[in-house]
Amino acid sequence: MKIRIVTPAGPMDRNGNSITALRWARILKQLGHRVFVDETYRGEACNLLIALHARKSADSIRLFKKQYPDLPLVVALTGTDLYRDIRTSRAAQQSLDLADRLIVLQPMGLAELPRRLRRKTRVIYQSASRVRRQMRRHHIFKVCVIGHLRAEKDPLRTARAARHLPASSKIQVVHVGRAMNEAMGTRARAEAARNPRYRWLGELAHWKTRRLLAGSHLLSLTSRMEGSANVLSEAIASSVPVVASKISGLIGTLGKHYPGYFPAGDTRALVRLLRRAESESRFYRQLKSHCAGLRPLADPRQERAAWKALLSELSSSRAVNSPSAPRESRT
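Fair warning: this is a prediction, and the values are worked out from it, not measured in the lab.

Parameters and conventions
Residues numbered from 1 in each chain as written. Predicted model: local features only at pLDDT ≥ 70, side-chain atom pairs only at ≥ 80, totals over all residues. Heavy atoms only, no water. pLDDT = per-residue confidence, 0-100. Contact = heavy atoms within 4.5 Å. Phe/Tyr/Trp six-rings, centres within 6.5 Å; stacked < 30°, edge-to-face > 60°. Buried < 20%, exposed > 50% of the residue type's maximum accessible area, 1.4 Å probe, protein only. Lys NZ or Arg CZ within 6 Å of the ring centre and 35° of its normal. Salt bridge = Lys/Arg side-chain N within 4 Å of Asp/Glu carboxyl O. Helix = DSSP H or I, 4+ residues; strand = E, 2+ residues; numbered from the N terminus.

Enquirer: Describe in detail the confidence of the model for the protein chain, supporting the description with residues and values.
Expert: Confidence along the protein chain averages 92 in pLDDT terms, with 93% of residues attaining 70 or more. Low pLDDT (under 50) marks residues 319–331, which in the prediction has 33 contacts with non-local residues, meaning those over four places away or in another chain.

So this is what it looks like as structure tokens:
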């Protein structure tokens, strides 16, 4: 089957959607399909379109369905889709209706959808390969923050929390991610200048980010809005425990009873969690044990199996094998 994946950020961008798109492309190629990844769909022949982001990919979704109404369309919903756009954007709402299947990245996402759409929605957890644990220096307790600097990520929350740590604390916060606008970059540079516990590294190659994560004692996830998080799966795969804002998109993977939550935006609560993770070995082991129990969710085999099952559903339908389906081409 010839499959096209559309991701608005583009396959060369290093954000969550592009990482997801490229990982799915690898999986689908392993399953024997020809796969192409682009920012937009321009009418090229294919047997299946997978679009990330209901609102940002709305034009591609409409064009595909107009051109090939009988062929299957899969729309993967991002955090801004689930927790904002499907309530306010007619384009996003239309994308939901046009899709033959919807994908959410954790089961709590189902609750955000109208009941009539849940039957065609599938949960596919994000997976990550295991990166061997890197040497961790004992004279510091490294907390990493991984994510581009934009409002939905509340990117400087961990840095602000680090200001309130006692002088005896060994916590150092290392932040990887691109500033999405100049104002965010200015804020991050100012924070690094005034806060000796905080370093902003900017954007790194994905493999370097994975190594930094594997060499950290803790991942801090402070998002206010999240469909799920690639970096959460990567932390689980690499045995790095997590402290996380208590929002639906993270609860869906970590579970309702995870001990490492803090209320989104609550700096003081995050300070308490960081102190406990650093100074209470029993609490730190509790976080590690819980995350270790989630490792099967991040296993690449489960994500591959989920895609295989979804493609089987679609290929058994009349759509993929319809006489109107375009023939395979070399382009």
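Enquirer: Account for the packing of aromatic side chains, naming residues and giving values.
Expert: A ring pair, where both rings are aromatic, is described by two values, the distance of the centres and the angle of the planes. Tallied over the entire structure, the rule returns five aromatic pairs. Judged by centre distance (5.5 Å) and plane angle (80°), the rings of Tyr 258 and Tyr 261 are edge-to-face. For the residue pair Tyr 258 and Tyr 261, the accessibility class agrees, reading buried in each case. Among the aromatic side chains, those forming a connected cluster through ring pairs are Tyr 41, Phe 64 and Tyr 68. A cation over a ring is seen here: Arg 4 above Phe 36, with NZ or CZ 4.7 Å from the ring centre. Directly above the aromatic system of Phe 283 lies the positively charged group of Arg 276, at a separation of 3.9 Å from the ring centroid.

Enquirer: An account of the pattern of salt bridges is requested, with residue identities and associated values reported.
Expert: Inspection of the entire model under this criterion finds 21 salt bridges. Salt-bridge contacts for Arg 62 lead to Asp 59; the nearest nitrogen and oxygen are separated by 2.2 Å. Placement of the pair is Arg 62 and Asp 59 together in helix H2 (residues 58–67), with a separation of three residues, close to one helical turn. Note that Asp 100 and Lys 65 form a salt bridge whose closest N and O atoms lie 3.0 Å from each other.

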